[in-house]
Structures are given as C-alpha cells and as structure tokens.
Amino acid sequence: MSQTDALNQIKQDALDLKSSLNSLKENFLELSSEFYESLNEARSLLSNQNFQPPTVDGKEECQQKKDISVKSIGIFRSCFLTKNGTPRQPGICPYARGSLTITCFNNPEHSLDGLSKFSHVWLLFLFHENGDYIPRSKVSPPRLNGEKVGVFASRSPHRPNNVGMSLVKLEGVSGGTLFLSGVDLIDGTPILDVKPYITVYDTPSSTPSAAPWIAYPPTKPLTISFSDNALSVLAQLKYASGENIVLSKRSLRKKNCLRFFRSQEELKQSISDIILADPRSIFRKKQGDTTFSFPIDSVDVTVEVKGVFVTVIDIGQTEYVRGLLKRAGS
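Since the model is a prediction, treat every value here as computed from it, not as a measurement. (Residues numbered from 1 in each chain as written. Predicted model: local features only at pLDDT ≥ 70, side-chain atom pairs only at ≥ 80, totals over all residues. Heavy atoms only, no water.)

Undergrad: An account of the packing of helix α4 (residues 228-236) against helix α5 (residues 264-277) is needed here, citing residue identities and associated values.
TA: A pair of packed helices is captured by two measures, namely the crossing angle of their axes and the spacing between those axes. At their nearest, the axes of α4 and α5 sit 9 Å apart, and the two run at 140° to each other. In this view, α4 runs oblique relative to α5, as classed from their interaxial angle. Crossing handedness for the pair α4 and α5: right-handed. Every residue of α5 that contacts α4 at Leu 231, Leu 234 and Ala 235 is listed here: Gln 264, Leu 267 and Lys 268. Taken together, the residues that form the contact of α4 with α5 break down as four nonpolar, one polar and one charged. (Axes fitted to C-alpha atoms, helices over the stretch in contact; angles between N-to-C directions. Helix = DSSP H or I, 4+ residues; strand = E, 2+ residues; numbered from the N terminus. Parallel < 35°, antiparallel > 145°, perpendicular 65-115°, else oblique. Left-handed = near helix turned anticlockwise from the far one by under 90°. Contact = heavy atoms within 4.5 Å. Nonpolar A, V, L, I, M, F, W, Y, C, P; charged D, E, K, R; others polar.)

Undergrad: So what's going on with the pattern of salt bridges? Residues and values would help.
TA: Scanning the model with the defined rule gives four salt bridges in all. With its nearest N and O atoms 3.0 Å apart, the salt bridge here joins Lys 195 to Asp 193. Overall, Asp 193 belongs to the partly exposed group, its relative accessible area being 27%. A network of salt bridges, in which partner residues are shared, links Arg 77, Asp 187 and Arg 259. (Salt bridge = Lys/Arg side-chain N within 4 Å of Asp/Glu carboxyl O. Buried < 20%, exposed > 50% of the residue type's maximum accessible area, 1.4 Å probe, protein only.)

Undergrad: Hey, could you go over the environment of Gly 188 for me, with residue numbers and the actual values?
TA: Along the chain, Gly 188 turns up in the loop between β7 (177-181) and β8 (191-196). The exposure class assigned to Gly 188 is partly exposed, which follows from its relative accessible area of 29%. A C-alpha to C-alpha distance of 6.0 Å links Gly 188 and Arg 77, two positions 111 residues apart in sequence.

Undergrad: Just give me the short version of the packing of aromatic side chains, but keep the residues and values in it.
TA: One pass over the full model with this rule turns up three aromatic pairs. Measuring from ring centre to ring centre gives 5.0 Å for Phe 125 and Phe 127, while their planes differ by 75°; the resulting arrangement is edge-to-face. Residue classification places Phe 125 among the buried positions, given a relative accessible area of 4%. Here the basic side chain of Lys 268 rests over the ring of Phe 226, its NZ or CZ set 5.2 Å away from the ring centre. (Phe/Tyr/Trp six-rings, centres within 6.5 Å; stacked < 30°, edge-to-face > 60°. Lys NZ or Arg CZ within 6 Å of the ring centre and 35° of its normal.)

Undergrad: Quick one: what's the story with the side chain of Ser 99, residue by residue and with numbers?
TA: Its place among the elements puts Ser 99 in strand β2 (residues 97-102). Leave out the neighbours within four places in its chain, and Ser 99 touches Ile 75, Phe 76, Arg 77, Thr 177, Leu 178 and Phe 179.

Undergrad: Give a detailed account of the sheet that holds β7, specifying residues and quantitative values.
TA: With antiparallel pairing, six strands are arranged side by side in an open sheet as β1-β2-β7-β6-β3-β8. Either end of the sheet is taken by a strand with one partner, and the two such strands are β1 (74-78) and β8. Shown here is a sheet whose adjacent strand axes are inclined to one another by a mean of 35°, direction ignored. (Pairing = 2+ DSSP bridges.)

Set out below in structure tokens:
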C-alpha cells in the first residue's frame, strides 16, 4: 500500500469514527431526554402532592380554620407551552388540544369508566405560574382597560387560592388518558379534578345575565393576513396524525413536527383566534407594541400590528423547544 493510499485509509477511518461518535451522542441525548423528562414529571407530581393554599397578608387576610391539602391527579399536556399567547378563556381556540393522563390511581382507566358518554368536562386546576404575586381584592380585567372590579367578580388567575376551572370538549378517552380540545391551560398545569358537564344541572333554570363589560370586545375588530414567508412555513410543517395518542416532551425533538394540530388549516385558524382575542397585556397595549410573538405547539408566531391590520410575518421553532433540545429534555 502506497503512502497516499494509507493516508486516505486513515482519513476514511477517522470519518467513520466521527460518524460513530455522532451516533453515540444522539443515542445518549435521546436517553438523557427520556431520563430527565421522567425525573421532572416525578418531581412535578411530588411537588403537587401537598399543595397548601396561601393566606393573604394584610387587612383582607382570609382566615382558615384548618389546613387544606390537595394534589394533582395527573399529567396535563397542552399545545400551549407558556403563559404568553395562551387564551384567557376556554373555547377561544376550538382546535387547541391537550391531554390529561391520570396518575393518582393504580388503575387509572377505572376512574374514567363511563366518562366517554359525556361531550364536555370541567377541569379544576391550579394557576401554578403566578409566581410571588400577592392576590388583591380588586383586579383589572383586560376588557376594562385598567378599570378595576372585585377579584370574585372576575376570572383573574391571581386569587387567594389560585384555583381555576375550564369547560373543555372531551374528544375521547383511552386507557387512563382524556383527550381534550378548546383548552386554555399551559403544558404541565396541575389538574385537581375532572367533572362531567351535565346540561340539566350546569345550565341555569332562568336566563343568565352578566356584567355589561363582559360584552366589550377584547380589542378593536382586526384584519389578519399571513405573509408569503409564514404561508410557506405553514405548508412545510409536519402535522400531527388524526389519532388521539399520548404525547411526551420528547416528541418536540422532531424538528418542524406539530404535536397537536392536524392540518395547516387548523394551525392557521388557531393563530387567527389567538390574535383576535389579543393576548397582549394592558401594559403592552398602552405601550403601543407594533410587534409581538407567542408560542403555539412547537412553533413561535411573530406578528406585526399596524392599527387594525395585523400581519403574521414569521413562524419558526419556539425558544422553548430550542431550550429543550439544548438541555436534552431537562
């Protein structure tokens, strides 16, 4: 073998070794992702086992006669990954899907026996990302543009016990998992209870009424368009199958793959639904932000506002997903 042939052979061996190392690295990252995902879910369940509602300091302190403890009943997965862009009420995005896997029973499927006969369910949950915000007796709902009402006359997430409820559509039940749509909860929300919606009991016998401000639109009527670039991305994305399957954060590792939305039309409509409800805070509206973004499923949506005309200018992989990939699923 000549010196040139030997050198070429060494180069080829080096390339083969590099390829093998890359393959081992990918396998290691995948196993690490599964390990950290399981570890984080276990930590989440343990942290929610003994939740105690906080008391409120000051003159309006809510006295409690005894300690109350609750626990999460399962693992909730959602197309909404962060608070930013998540609808403030259920039903705003009919295609917004989520799933709840029951973990509080040894035989979780037994606890769901008969539930599939109902079309909708109530979810009771914790606003677990309120941070250190101290609840106040008066709040400013987005529709009132700064005007205040009593916290119990609103659906503010900042409440003495941080408990929320949502009425969502039940798409199906499989084993110990509920498949839902029209959700307004972020991924990982602690679910406290599930109750079937029963028309005869949950519909008032007399015509219900509400405060006049409820009818105020959340924003001015908007005209929404999608840029050529955004439409191109929508056409290139890989959409979820039409089946109800249990998903994990590991599925986010598949680039440009949607976990919840099943077609370009569904995602496009849901983006429009979120924009029409205007997810911006009152502060950001007053600042006159002309550009904002929000994550949905595994993509980030960037929007430009010019008066009543809104353009979706870009759609790309979310920072959240990039962070998961960088941390190997931690």
